[in-house]
Amino acid sequence: MSYLRKIEYEIVLKDSFWIIRNCPECGRKTHYINTKKFRINANGNKLDIWLIYQCVECKHMLNLVIYERKKVSSIPKEEYQRFLDNNEQLAEMYGKNMQLFRANKADIDFGRLHYGLVKRHETIENSGVGEQIVITIKNPGQMKIRAEKQIAMVLGLSRNQVKSLLEKGEIELKTELPQSISFRISPSLFFMVT
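A brief look at the structure comes next. Treat the numbers as computed from the prediction; the structure is a model and nothing was measured.

As defined by bridge partners, strand 2 (residues 19-23) adjoins strand 3 (residues 28-43) across five bridges and the pair is classed as antiparallel. Looking at strand 3, one finds that Cys23 is bridged to Arg28. Hairpin connection between strand 2 and strand 3: a loop of four residues separates the two successive antiparallel strands, and Gly27 in this loop has a positive phi of roughly 75°. Across ten bridges, strand 3 lies against strand 4 (residues 46-55) in antiparallel orientation. For Ile40, the partnering residue across the bridge sits in strand 4 and is Ile49. Hairpin connection of strand 3 to strand 4: two residues between the antiparallel strands, including Gly44 at a positive phi of 65°.

A few words on the sheet that holds strand 6 (residues 107-108). Spatial strand order, 5-4-3-2-6: five strands in an open sheet with antiparallel pairing. Two strands close off the open sheet at either side, each with one partner strand: strand 5 (61-71) and strand 6. Strands in contact with helix 1 (residues 77-84) are strand 3, strand 4 and strand 5; relative to strand 3, the strand with the most contacts, it is inclined by about 120°. Seen against the sheet, helix 2 (residues 88-95) touches strand 3, strand 4 and strand 5 and runs at an angle of roughly 125° to strand 3.

Cut-offs used in this document
Residues numbered from 1 in each chain as written. Predicted model: local features only at pLDDT ≥ 70, side-chain atom pairs only at ≥ 80, totals over all residues. Heavy atoms only, no water. Pairing = 2+ DSSP bridges. Helix = DSSP H or I, 4+ residues; strand = E, 2+ residues; numbered from the N terminus. Contact = heavy atoms within 4.5 Å. Axes fitted to C-alpha atoms, helices over the stretch in contact; angles between N-to-C directions.

Right under this line is the structure:
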């Protein structure tokens, strides 16, 4: 019987992004981490809301803009209350939001990412072209992780082993986009390495 087995994984951040930035107190580039706290400033019926980061060395504060000059009525009440309560889960969510860091022109230290893979979905379909396995790895945060490293994580191999298998054509990289990669592997190799 011919089949096409599709497996989908997702890269999930375990911690907030770390920022590399010149610290005015330290006088050099240092790392800033998420304090899991918010700063809220009200001016009439307009709000500014920031996620507070701080230098790991001297505790100098850095505010990342979440909302700027936003009408109070335009922020969902539940979310606004979570800002007021310094809700750690909300702060973690914003600390993993790539768009927030881009908008604030914050330099993420991609070398300090703590992430893992979560298997999201698996299907098996009838196929007229023999047995095939296609694996997709979604990267919703568009983190800078090389395709070989992502493949190595799924298959439990080293990056050098993956590079060798790619060169031999035993793994075929189908797509490589910032938000996902997709590759094909033979069932015999897949079951041998996993």
